[in-house]
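Observations on the three-dimensional arrangement
Single-letter residue listing:
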Amino acid sequence: MDVATIASLRAPEGARLLGLIPPYDDSTALSVGARLRREGFADELVSAALTQARLRALGGAKFGPAAGRMFFTQVGLEQATRRDVAARHAARFAQAGAASVADLCCGIGGDLHQLAWAVERVLGVDRDPVTAAVAEANVDALGLSGRVEVRCADVTAVDLTEWDGVFIDPARRRAGGRRTFDPSGYSPPYDVVLALAGRLPAVGAKLAPGIPHEKLPGDAEAEWVSDGGDVVECALWFGPLASGVRRRATLLPSGATLTGEVFIPGEVGPVRRYLYEPDGAVIRAGLVAGAAALVGGNLVDPSIAYVTADALLATPFMTAYEVTDVLPFGLKRLRSLLRDRGVGRLTVKKRGSAITPESLRQQLRLSGPEEATIVLTRVAGAHTVLVLRSSHEHEE
């Protein structure tokens, strides 16, 4: 994909071609392409249009029906902010009274669109010419051209004095596409992100969810967000964008949110009747102890994010299971227990164990009609197996 191809797809002939492609299906893509070439469309344009049709079908998971009008690159789609997550970003700026926002490292425009629907004026900046061209195409496709300007530029060279707020999503991949987990390896580097907060009042940043807590500034709210159980980001909010708490875990699509001021070690105790598995955002935010307090629970080990309690209480922040058995880890004993119960299908969860679920299943050599869930973990430092059943199964 290059800038010229994007321009061709936006031109009248390209737009007509895109309109002739039925909902994308891998099994019919070759025949659809052959038909369109017979109708006189250029080979390269047909290939590009079919690629867009495939990416638009995939994009529906992030952008909903709007994906059917948008333009994508493979990498741009993979890295784009999900619609519901971006909407929460934009709401922060709107609630803070920002009328204009600069979206730095805007990518193909996931945050750009939501900002444009929330505030009066938006600038999108990306240094990659193809990405900037796709962002501009999407602004036009979604009818936002009157409110959004897209520039292809180095974000560190952009004059930001006229903007009320800034949102930045630094690239977290090195050349070749490999992820970097070191904030100093971001592009632009993490210190550039922090410097923005020193120059401007309303700054938000999208960071990797695995950023170490010691790297987080003391004057910002850090919000870990999970969407459908996937932890997708750690967002930093400065100045009027911050709500006054230090740590927050937000779960989408429900919008449930758990907050805390500092990382507090949880109390440790024996395994009780129910095991609670915290959402990944709660774990990343260091708020497992706060979640445990909601159910009157304790941790099973000081370094393991499993909570146990006597009561089965509804909470959006953890998934509950009934514990049926607690036994020291041993292959022979575990195999005997599961075979006696006719277990053939086994779900293996683990924290604090080096054993891989795949190798364990092979070693157990189970067969039978029943299903079971086990947890490999540490309890008070000892390698332990917990046999579980779902709380919903218990209620039935």
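Structure's up top.
For every chain, the first residue of the written sequence is number 1, and numbering continues from 1 onward in sequence order. Per-residue local features of the predicted model are confined to residues with pLDDT of at least 70, and side-chain atom pairs are confined, for both listing and counting, to 80 or more; whole-chain, interface and lining totals are unaffected and use all residues. The basis for every side-chain value is the complete set of non-hydrogen atoms in the structure, without hydrogens or water.

Runs of H or I in DSSP of at least four residues are treated as helices and runs of E of at least two as strands, each being numbered from the N terminus. When helices and strands are counted, the chain shows 14 helices and 16 strands. The principal-axis extents of the C-alpha atoms in the chain amount to approximately 70 × 55 × 40 Å. Considering the chain as a whole, with its 396 residues, one finds that 49% of them fall into the buried category. Working rule for contacts: check all heavy atoms of both residues, and any pair within 4.5 Å makes them a contact. Contacts in the chain between residues at least 24 apart in sequence constitute 67% of all its contacts with a sequence separation of at least 6. Per-residue and other accessible areas were derived by the Shrake-Rupley procedure at a 1.4 Å probe size, with only the shown protein chains allowed to occlude residues. A total of about 18300 Å² of accessible surface is found on the chain, and carbon and sulfur atoms cover 51% of it. A simple rule labels every residue: compare its accessible area, found with a 1.4 Å probe on the protein chains alone, to the largest value its type can have, and call it buried under 20%, exposed over 50%, or partly exposed in between.

The subject of this paragraph is the pairing of strand β10 (residues 274-278). Of all the 5 residues making up β10, 5 are buried; the element is thus mostly covered by neighbouring parts of the structure. Here β10 shows two buried faces, one formed by Y274, Y276 and P278 and the other by L275 and E277. The pairing of β10 with strand β12 (residues 304-309) spans 3 bridges and is antiparallel. In the strand pairing of β12, L275 is matched with T308. Only when DSSP finds a minimum of two bridges between them are two strands counted as paired. Across 5 bridges, the pairing between β10 and strand β13 (residues 318-328) is antiparallel. Bridging from a neighbouring strand, L275 pairs with Y321 of β13.

The next point concerns the sheet that holds strand β16 (residues 382-390). The pairing of strands in a sheet happens through backbone hydrogen bonds and is either parallel or antiparallel. The 7 strands lie next to each other as β11-β12-β10-β13-β16-β15-β14, forming an open sheet whose pairing is mixed. The open sheet is flanked by β11 (298-301) and β14 (343-350), the only strands paired with a single partner. Shown here is a sheet whose adjacent strand axes are inclined to one another by a mean of 45 degrees, direction ignored. The angle between two axes is taken between their N-to-C directions and runs from 0 to 180 degrees, where each axis is a line fitted to C-alpha atoms and a helix contributes only its stretch in contact. Strands β14 and β15 (370-379) of the sheet are contacted by helix α13 (residues 357-364), whose axis makes an angle of about 150 degrees with β14.

Let's shift gears to helix α7 (residues 110-118). The buried count for α7 comes to 7 of 9 residues, which makes it a mostly enclosed element. When we look at burial in α7, the residues that qualify are G110, D111, L112, H113, Q114, L115 and A116.

A separate point is the packing of helix α2 (residues 12-20) against helix α4 (residues 43-63). Two numbers describe how α2 lies on α4: the axes approach to 10 Å, and their chain directions differ by 55 degrees. Comparing their axes, α4 and α2 come out oblique. Helix-helix and strand crossings are classified by hand; for α2 and α4 the assignment is right-handed. Residue-level contacts link E13, G14, L17 and L18 of α2 to L45, V46, A49, Q52 and R56 of α4. Looking at the contact of α2 with α4 residue by residue, the class counts come to 5 nonpolar, 2 polar and 2 charged. Angles are sorted into four bins: roughly parallel if under 35 degrees, roughly antiparallel if over 145, roughly perpendicular if 65 to 115, and oblique for all others. Should the near helix be turned anticlockwise from the far one by less than a right angle, the crossing is termed left-handed; should it be turned clockwise, right-handed. Under the scheme applied here, ten amino acids are nonpolar (Ala, Val, Leu, Ile, Met, Phe, Trp, Tyr, Cys and Pro), four are charged (Asp, Glu, Lys and Arg), and all others, including Gly, are polar.

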